[in-house]
Amino acid sequence: MSAEGLGGYLVPGTDEAYYIPNFVTEKEEEYLIRKICESPRQKWKALPNRRLQIWGGDLTPKGLLIPQALPPFLDTYPDVIARIRATGAFQSSAHGGPNHVILNEYCPGQGIMPHEDGPAYHPVVATLSLASHTVFHYYRYKDDTSTPKDHETGSGRSIDKKPFLTLFLEPRSLVITRSSLYQGHLHGIDDVEDDVFPPAHAVHDAHITPIANVDLLADSRYREAVLHNGNLTRKVRYSLTCRDIERVASRLPFAKR
Ligand SMILES: O=C(O)CCC(=O)C(=O)O
Ligand SMILES: [Fe+2]
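Residues numbered from 1 in each chain as written. Chains lettered and ligands numbered in written order. Predicted model: local features only at pLDDT ≥ 70, side-chain atom pairs only at ≥ 80, totals over all residues. Heavy atoms only, no water.

Q: An account of the sheet that holds strand E8 (residues 121–130) is needed here, citing residue identities and associated values.
A: Overall, antiparallel pairing links the seven strands, which are arranged E1-E11-E8-E15-E6-E3-E2 in an open sheet. With partners counted over all chains shown, the strands left at the sheet margins are strand E1 (17–20) and strand E2 (45–46), one partner each. Alignment of E8 against strand E15 (residues 237–245), held across seven bridges, turns out to be antiparallel. Bridged to valine 125 within E15 is arginine 243. Contacts between helix H1 (residues 26–38) and the sheet are confined to strand E3 (51–55), strand E6 (100–106), E8 and E15, with E8 contributing the most and set at about 105 degrees to the helix. (Pairing = 2+ DSSP bridges. Helix = DSSP H or I, 4+ residues; strand = E, 2+ residues; numbered from the N terminus. Contact = heavy atoms within 4.5 Å. Axes fitted to C-alpha atoms, helices over the stretch in contact; angles between N-to-C directions.)

Here's what the structure looks like:
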């Protein structure tokens, strides 16, 4: 897929969000989940409400990546990184493709509070969802002129409760977010076990943010649920959040003796 090819996946009403269903096959999904689950126990970092793995290296507090090779299940089979590179979405980033992956595991009932990602990343993110659907919200700060106390969490600034954009993420889908949507706004996932969608007639209700990518969904059962008051129970979801960290430390600082 070329950069021009990405156009067909643009989420209506946005100019910087792309939704690509079936980015990996069911067989590849199964393989990826197996590899994720087979990772050594020490690879998991436990947070209060979810677990994660970090691939590609560690980030220093100053935003420098101490690089490590990505595992074969990300860059050989399946070649997720090469496929993301081929979309052209990272064309203007330092390395033309992602060099860092955060893998999150969410059990049903777990989510991620609205937040901004750190400044070390090029403003493009590609997120692959595996094993479960989820509903992903983007929020605005209420007062864009106030001074942030903490950029990363947005603490100290109040957030508009109603998302300005909501996407439905199918398992095996890739969502690519660029520029303004990603910088200066927040994103998050509610910590619910079920996603309940409004009846069709309520879609114009001012309190409801419609699912912007409903026409891009590949599975008609999901489309039906989203459009007609469905209720979808979440399963365990794995997300691979792929980014390009611009500043990478040389691999050789300790080579000379
Ligand atoms: O799991 C996701 O889809 C989002 C994860 C995320 O926002 C993050 O790791 O910063
Ligand atoms: Fe994030």
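Q: Outline the site of ligand 1, listing residues and values.
A: Around ligand 1 sit 13 residues, and of these Asn104, Tyr106, His187, Arg237 and Ser239 come closest. Between aspartate 117 and ligand 1, the recorded distance is 3.2 Å, taken from a side-chain N or O atom to an oxygen atom. Side-chain polar atom of arginine 237 to an oxygen atom of ligand 1: 2.9 Å apart, as the coordinates give it. Starting from 300 Å² of accessible surface for ligand 1 in isolation, the protein chains cover 95%. Here ligand 1 occupies the largest pocket. Elements represented by at least two residues in the shell around ligand 1 include exactly E6, strand E7 (112–115), strand E12 (186–189) and E15. With four residues, E15 is the single largest residue contributor to the shell around ligand 1. Looking at the shell around ligand 1 residue by residue, the classes come out as four nonpolar, six polar and three charged. (Near = heavy atom within 4 Å. Polar contact = N/O pair within 3.5 Å; in protein donor to acceptor, adjacent residues only side chain to side chain. Areas by Shrake-Rupley, 256 points an atom, 1.4 Å probe, with all protein chains shown as cover. 1 Å grid on protein atoms, 1.4 Å probe; cavity = no way out; pocket = protein on both sides within 12 Å on 5 of 7 lines; lining within 4 Å. Sits in = over half its atoms within 2 Å of the grid points. Nonpolar A, V, L, I, M, F, W, Y, C, P; charged D, E, K, R; others polar.)

Q: Can you tell me about the coordination of the iron ion (ligand 2), naming the residues and giving the values?
A: Protein-derived coordination of the iron ion (ligand 2) comes from His115 (NE2), Asp117 (OD) and His187 (NE2), at a distance range of 2.1 to 2.3 Å. Counting gaps between the donor residues of the iron ion (ligand 2) yields the pattern H-x1-D-x69-H. With aspartate 117 in the loop between E7 and E8 and histidine 187 in strand E12, this pair connects stretches of sequence that are 70 residues apart. Take aspartate 117 and histidine 187: they sit in the same class, and that class is buried. (Donors = N, O, S within 2.8 Å, 3.2 Å for Na, K, Ca; no water. Buried < 20%, exposed > 50% of the residue type's maximum accessible area, 1.4 Å probe, protein only.)

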